[in-house]
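Chain by chain, the residues run as shown.
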Amino acid sequence: MRCYLTIFALALSAYTGIGNATIIDFETRIDGNTVVSIDATHSRINLYDESHLNALSGADISYLSSFNESSTTLYEGSEVSYLTTFDTSRTEVLGGALSYLGIFGNSTADIRKGEISALTLSQSSSIALYGYDFSFSGSRLSGRWSDGTAFSFWLNSAETWPAIPILLDALPSNLTLHPVPLPATVWLLICGLLLLVLVNRNVLTRSVRAAWSRETTCTALVCHTIN
């Protein structure tokens with residue numbers, strides 16, 4: 001059985017293009033200064049040291065955890081069921097689908113886009129979220145990403161993983177919301193609406209002036225006839 005697992009691990013490593021990665025019983029360990037890009041299915045991946053993982057379109061990871069000073073970047077088209085970060089690791093979410101995102105220890109996260117179901121953070125972690133039209137109600141943070149896509153997810157607090165998260169009733173101080181400029185399409189729509197208002201106003205003004213001119217002319221003719 002061990003022989004078959006070894007053969008499977010070597011084949012999986014070659015398929016995913018992972019260097020300096022150890023696969024033990026369906027668990028992938030990435031350490032050192034390794035930079036890995038994945039676009040395939042994996043059950044569990046653990047990052048250590050200063051390694052970096054790029055989850056590209058097509059990546060489907062059930063459990064992804066980062067430790068030490070490792071880092072992760074998620075791109076559009078990737079899927080991660082559970083992403084948990086610890087120590088001083090870093091995460092950048094540029095897209096993709098996340099069922100659960102847990103930021104623990106002194107780890108940090110930049111979130112710019114993505115389909116997130118639930119976000120849990122510890123008191124010592126730090127999260128920056130970029131978008132606009134932010135609102136927080138009923139432990140759910142909602143808004144729009146910079147491209148106009150709407151988002152809404154549960155916001156929880158916990159100091160470790162696994163643990164029972166506590167739903168937050170207020171935005172924590174270590175979660176920073178960064179408003180971004182409205183997308184160009186929104187500005188074009190606003191400008192179009194303003195232009196339409198101005199055009200309609202000019203048309204209405206001309207109509208009123210024409211009606212007033214006709215009324216004045218009729219009045220003058222009546223007065224001239226009487227005289």
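About the criteria used
Residues numbered from 1 in each chain as written. Predicted model: local features only at pLDDT ≥ 70, side-chain atom pairs only at ≥ 80, totals over all residues. Heavy atoms only, no water. Helix = DSSP H or I, 4+ residues; strand = E, 2+ residues; numbered from the N terminus. Buried < 20%, exposed > 50% of the residue type's maximum accessible area, 1.4 Å probe, protein only. Contact = heavy atoms within 4.5 Å. Areas by Shrake-Rupley, 256 points an atom, 1.4 Å probe, with all protein chains shown as cover. Salt bridge = Lys/Arg side-chain N within 4 Å of Asp/Glu carboxyl O. Pairing = 2+ DSSP bridges. pLDDT = per-residue confidence, 0-100. Core = buried A, V, L, I, M, F, W, Y, C linked by side-chain atoms within 4.5 Å. Patch = residues over 30% accessible without salt bridge, like charges linked within 9 Å, V, L, I, M, F, W, Y side chains within 5 Å. Polar contact = N/O pair within 3.5 Å; in protein donor to acceptor, adjacent residues only side chain to side chain. Phe/Tyr/Trp six-rings, centres within 6.5 Å; stacked < 30°, edge-to-face > 60°.

### Quick word on the overall build of the protein chain
Within the protein chain, the regular secondary structure consists of two helices and 18 strands. Across the 227 residues of the protein chain, 37% fall into the buried class. Restricting to contacts in the protein chain with at least 6 residues of sequence separation, those with at least 24 account for 22%. Just so you have it, the protein chain exposes about 12900 Å², and 59% of that area is on carbon and sulfur atoms.

### Brief notes about the pattern of salt bridges
Inspection of the entire model under this criterion finds three salt bridges. For the salt bridge of Glu-76 with Lys-113, the shortest nitrogen-to-oxygen distance reads 3.7 Å. Taken together, the residues Glu-76 in the loop between strand S7 (71-74) and strand S8 (79-85) and Lys-113 in the loop between strand S11 (108-111) and strand S12 (115-116) connect sequence positions 37 residues apart. A salt bridge links Asp-147 to Lys-113, with the nearest nitrogen and oxygen atoms 2.8 Å apart. Of the two residues, Asp-147 is situated in the loop between strand S15 (140-144) and strand S16 (150-157) and Lys-113 in the loop between S11 and S12; the sequence distance between them amounts to 34 residues. Within this structure, Glu-76, Lys-113 and Asp-147 form a network of salt bridges that share partners.

### Concerning the pairing of S11
Look at any regular strand and the pattern is simple: side chains alternate between the two faces of the sheet. Residues of S11 alternate between two faces, with Ala-109 and Ile-111 buried on one and Thr-108 and Asp-110 left unburied on the opposite face. Across four bridges, the pairing between strand S9 (residues 90-93) and S11 is parallel. Within S11, the residue paired with Thr-91 across the bridge is Ala-109. Sheet analysis places S11 next to strand S14 (residues 126-137), joined by four bridges and oriented parallel. Directly across from Ile-111, in S14, lies its bridge partner Leu-129.

### A look at the pairing of strand S3 (residues 35-38)
The alternating pattern of S3 places Val-36 and Ile-38 on a buried face, while none of Val-35 and Ser-37, on the opposite face, is buried. Of the pairings in the sheet, the one linking S3 to strand S5 (residues 52-55) comprises four bridges and is parallel in character. Bridging across to S5, Val-36 finds its partner in Leu-53.

### Description of the confidence of the model for the protein chain
In the predicted model, the protein chain carries a mean pLDDT of 83, and the fraction of residues at 70 or more is 69%. Ignoring residues within four places in sequence, the model shows residues 1-18, a span with pLDDT below 50, making 17 contacts including any to other chains.

### Side note on the nonpolar core
Nonpolar side chains tend to gather and get buried jointly when the protein is soluble and globular. Within the largest apolar cluster, 31 residues are counted, with the highest numbers of intra-cluster contacts made by Leu-64, Leu-98, Ile-111, Leu-119, Ile-127, Leu-129 and Phe-153. Formed by five residues, the second largest nonpolar core is a distinct cluster that contains Phe-86, Tyr-100, Phe-104 and Ala-158.

### Some words on a nonpolar patch on the surface
Together, Tyr-63, Tyr-82 and Trp-161 line one region of the surface with nonpolar side chains, adding up to about 270 Å² of accessible area. Among the residues examined, Trp-161 registers a relative accessible area of 33% and is labelled partly exposed.

### Quick notes on the side chain of Thr-34
In this fold, Thr-34 is placed in the loop between strand S2 (27-30) and S3. For Thr-34, a relative accessible area of 7% gives the class buried. Within polar-contact distance, the side chain of Thr-34 engages the backbone oxygen of Asp-31 at 2.8 Å.

### Remarks on the environment of Ala-55
Note on placement: Ala-55 falls in strand S5. Residues Ala-55 and Glu-79, 24 residues apart in the sequence, show an inter-C-alpha distance of 8.2 Å.

### Notes on the environment of Arg-44
Secondary-structure assignment places Arg-44 in strand S4 (residues 41-47). A relative accessible area of 33% means that Arg-44 is categorised as partly exposed. Beyond its immediate stretch of four places on either side in the chain, Arg-44 contacts Phe-26, Glu-27, Thr-28 and Tyr-63.

### So, the packing of aromatic side chains
Scanning the model with the defined rule gives ten aromatic pairs in all. When the centroid spacing of 6.0 Å and the interplanar angle of 45° are considered together, the rings of Tyr-82 and Tyr-100 count as tilted. Note that Tyr-82 is positioned in strand S8 and Tyr-100 in strand S10 (residues 97-103), a separation of 18 residues in sequence. An aromatic cluster is defined as three or more aromatic residues linked by ring pairs; in this entry it consists of Tyr-48, Phe-67, Phe-86 and Phe-104.

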